[in-house]
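Coordinate analysis (summary)
Chain residues, written in single-letter form:
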Amino acid sequence: MTWMTFPMPAREVRKLHRELLSANWYKLEKVSYEMQREDGSWESQTREAYDRGNGAALLLYNLEKKTVILTRQFRLPTYLNGNDSGYLIEICAGLLDREDPEAAIRKEAEEETGYRIEQVEKVFEAYMSPGSVTELLHFFIAPYRESMKLSEGGGLEEEQEYIEVLDVLFDRAFEWIKTGEIRDAKTLMLLQYLQLKFDLPRIK
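So, here is what we can say about the structure in this document. Since this is a predicted model, take the numbers as computed values, not measurements.

Considerations on a nonpolar patch on the surface
Judged by side-chain polarity, Phe 74, Leu 76, Tyr 79, Leu 80 and Tyr 87 come together as a nonpolar surface patch covering roughly 550 Å² of accessible area. Residue contributions to the nonpolar patch peak at three residues, all from helix α1 (residues 76-80). The partly exposed category is assigned to Phe 74, whose relative accessible area is 40%.

See the structure below:
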């Protein structure tokens, strides 16, 4: 497959100044800088950027059973923005914490879902909210079978993770996209990637 690229004209950035606004959980900075315009002049800009580190996400799938492993957990920001229960259905994901992305997602998969995965395939990377968050997310898929299950999963209690593990048929997961029960971006992206990769039935 050949990918087309559309390079933007080179723009200079200068006089970068960072002001730390908060480091209570992760790092919120106010950043002032000058950006060169097309005509060569310079324009002052100010933005805020939230740095929580980079992350990794994984969709576990079983082609024989036609199932995927998803999780459900409470997400406060969604509760504050109209999600009445605050719970989201998601794929397994977590921050890298200075680990290699593949090593990090293997560890996260075992903690959250209870499965110790064998083969793992990286499929792409994406900035999830580039207007305000620095995070680059590494996306993986991996096959699973019941013999890989070491525990019930559920996350780490010391990190206040209370995660429900869902073993869901492909058809039901795709229907949840249609009904809006799945509204998490990373989960939508990998479920639709799985559809394309294995030519699974489309959402009607």
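On we go.
What about the pattern of salt bridges?
Applying the stated criterion to the full structure yields 16 salt bridges. Here Glu 102 makes a salt bridge to Arg 106, at a shortest N to O gap of 3.2 Å. Of this pair, Glu 102 and Arg 106 both sit in helix α2 (residues 101-113), four residues apart, which is roughly one turn of that helix. Given the relative accessible area of 32%, Glu 102 is considered partly exposed.

Calculation notes
Residues numbered from 1 in each chain as written. Predicted model: local features only at pLDDT ≥ 70, side-chain atom pairs only at ≥ 80, totals over all residues. Heavy atoms only, no water. Patch = residues over 30% accessible without salt bridge, like charges linked within 9 Å, V, L, I, M, F, W, Y side chains within 5 Å. Areas by Shrake-Rupley, 256 points an atom, 1.4 Å probe, with all protein chains shown as cover. Salt bridge = Lys/Arg side-chain N within 4 Å of Asp/Glu carboxyl O. Helix = DSSP H or I, 4+ residues; strand = E, 2+ residues; numbered from the N terminus. Buried < 20%, exposed > 50% of the residue type's maximum accessible area, 1.4 Å probe, protein only.

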